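Fold and contact review
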Amino acid sequence: MFSYYFMLGVRSLRRNPALTALMVLTLAIGVAASVATLTILHVMSSNPIPQKSERLFVPKIDNGPLNGFNPQAEDRSDPQSTYTDAINFLKSGQGERRAVLYGVSAPLEPERKDLPVMAVKGMALTRDFFPMMEVPFLHGQPWSEADERAGADVVVLSQALAEKLFGAVDPVGKRIRLLEAQFQVVGVLKPWRPVPKFYKLIGGGGSFGVEEEIIIPFATALRHETSPEGSVSCRGRAEPGWQGFLDSECTWLQVFFETKSAAGRAELQDYLDNYAAEQRKLGRLKRKQPNRLFDVMQWLEFRKVVGNDSRLSAWLAFGFLLLCLVNTVGLLLAKFSVRASEVGIRRALGASRREIFRQFLTETAVIGLAGGVLGLVLAFAALALIGMQSKELKVAAHMDWQMLGLTFLMSLAAAMLAGLLPTWRACQVTPAIQLKSQ
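This report concerns the structure included in the present document. (Residues numbered from 1 in each chain as written. Predicted model: local features only at pLDDT ≥ 70, side-chain atom pairs only at ≥ 80, totals over all residues. Heavy atoms only, no water.)

Comments concerning the pairing of strand β12 (residues 251-258)
We apply this condition: The classification of residues rests on relative accessible area computed with a 1.4 Å probe and restricted to protein chains. Under 20% of the type maximum is buried, over 50% is exposed, and intermediate values are partly exposed. Numbered from the N terminus, helices here are DSSP runs of H or I no shorter than four residues, and strands are runs of E no shorter than two. We call two strands paired when DSSP finds no fewer than two bridges between them.
Burial within β12 is extensive, with 8 of its 8 residues counted as buried. Sheet analysis places strand β1 (residues 56-60) next to β12, joined by 2 bridges and oriented antiparallel. Following the sheet pairing, Phe57 is matched in β12 by Phe257. One ladder, built from 2 bridges, connects strand β2 (residues 81-82) with β12; its direction is antiparallel. What sits directly across from Thr82, in β12, is Thr251.

Some remarks on the nonpolar core
To be explicit about the condition: As used in this record, nonpolar core signifies buried Ala, Val, Leu, Ile, Met, Phe, Trp, Tyr and Cys residues forming a set joined through side-chain atoms within 4.5 Å. Contacts between residues were defined by any pair of non-hydrogen atoms, one from each residue, lying within 4.5 Å.
One finds Val155, Leu157 and Leu178 to be the most contacted residues of the largest nonpolar core, which totals 44 residues. The residues contacting Val155, other than those within four sequence positions of it, are Ile176, Leu178, Phe183, Gln184, Val185, Val186, Gly187, Ile214, Ile215 and Ile216. In terms of nonpolar packing, the next biggest core, distinct from the first, is built from 26 residues, Ile49, Val58, Phe129 and Ile215 among them.

Topic: a nonpolar patch on the surface
Our working definition: Surface patches are drawn from residues lacking salt bridges whose relative accessible area is over 30%; two like charges belong together within 9 Å, two nonpolar side chains (Val, Leu, Ile, Met, Phe, Trp, Tyr) within 5 Å. For every accessible area listed, the method is Shrake-Rupley and the probe measures 1.4 Å; residues are considered covered only by the protein chains on display. Salt bridges are defined as contacts in which a side-chain nitrogen from Lys or Arg sits within 4 Å of a carboxyl oxygen from Asp or Glu.
A cluster of nonpolar side chains, Leu25, Ile29, Phe320 and Leu323, forms an exposed patch at the surface whose accessible area comes to about 330 Å². The set of elements that each furnish at least two residues to the nonpolar patch consists of α2 (17-45) and α11 (308-337). Along the chain, Leu25 turns up in helix α2. Relative accessible area serves as the criterion here: at 39%, Leu25 is assigned to the partly exposed category.

Observations concerning unusual backbone geometry
At Glu134, a position not held by glycine, the phi torsion is positive, near 55°. Inspection of the secondary structure puts Glu134 in the loop between α4 (129-132) and β5 (137-140). Judged by relative accessible area, which is 37%, Glu134 ranks as partly exposed. We note that Glu225 has phi near 55°; this positive angle belongs to a residue other than glycine. Tracing the sequence through the fold places Glu225 in the loop between α7 (218-223) and β10 (233-234).

Some thoughts on the pattern of salt bridges
In this structure the tally under the stated criterion is 9 salt bridges. Note that Arg177 and Glu109 form a salt bridge whose closest N and O atoms lie 3.5 Å from each other. Remark: Glu109 occurs in strand β3 (residues 97-109) and Arg177 occurs in strand β7 (residues 175-178); sequence separation between them is 68 residues. Between Arg265 and Asp295 there is a salt bridge, with the nearest N and O atoms lying 3.6 Å from each other. Of this pair, Arg265 sits in helix α9 (residues 265-281) while Asp295 sits in the loop between β13 (292-294) and α10 (296-302), and the two are 30 residues apart along the sequence. A relative accessible area of 14% means that Asp295 is categorised as buried. Several salt bridges converge on common partners, so that one network encompasses Lys52, Arg55, Arg97, Glu134 and Glu258.

Structural data, given as structure tokens:
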């Protein structure tokens, strides 16, 4: 019986084509607006590395000044680590792996005469970062432990930059002039963050992470006195440059620990507490705030990856969908009201109100499916338009299978919800009156 009603619903799309088109378009616009917004939020708030997110930890100790400190206020201390703390964490031997990193920018002088000198951005980090974050390589591999200890002039390039400099060939072993020195290319990365991985997880400056163009060893960056990208405030004063970077009160570096299992968190927390106690005895840490360890999802929440403005946008999108539902209710009332005589004849021939209800609700579901298909097209168009605005937004403008399924479920649910009142009204038709009038 359902298949019969479904075919009736498909045929009913040809009745009052203008009215049907308006209903489908109304549902499609509401669903597209909601799904596009939900897709952005879904990407921003999803677990970027679920297979090990409970084993990756970010340490946070409060090394801020006592001046103006209010223990009862919201914790607004810098989530990054000072150079001194980061080096101590790196040498601690805690966990299975440890990584320290910071963002850098540097002038690159291509050997090709048709390419001008360009400013490239990337990261300076320790070798453990690559297996820790499961970074995929297109060519080559990470630099060796010997290169890391020596602070060798080696570099890993993004696929886009490698192709720009060398074309579609394997550039491993070739050299580029970076930071006024000759760097040897040891690897080329596959695109790995925009799909979408690690936005703001590793300390990106914007709401979303952007794929790095270069990655160099942390020790190499120190040897070349490469300061973090940009000018960052340090305890209320501007401290750009190398000396500001080495200041034990300035926070510039991101630190990650990886443990063998989630159970290693307790041991790592004990180490952090003991370390902070030692630093207080040395006079470096003045505030007696709790020392914290964040796993991946806690860290993203702490960094407020999904801000209040994004959540407000989601509510506004749902409000727009509700408005579209109200309009659809009116259009369905108009569509079903002209079929009162059909309902009266069916009732006179023995059809029950339940059967009429099923028939008309199935027809609204067909309209919902049609709206879902069109809404999906509009949602893809909206996400493509969002992605064109900037590289940062392109990271989040990505729809997966979960969101594809949600599009159809939302459209179907919206149509059936909108069809409840018109369908109920259609069931109340009195057969005798319709037969007399016809």
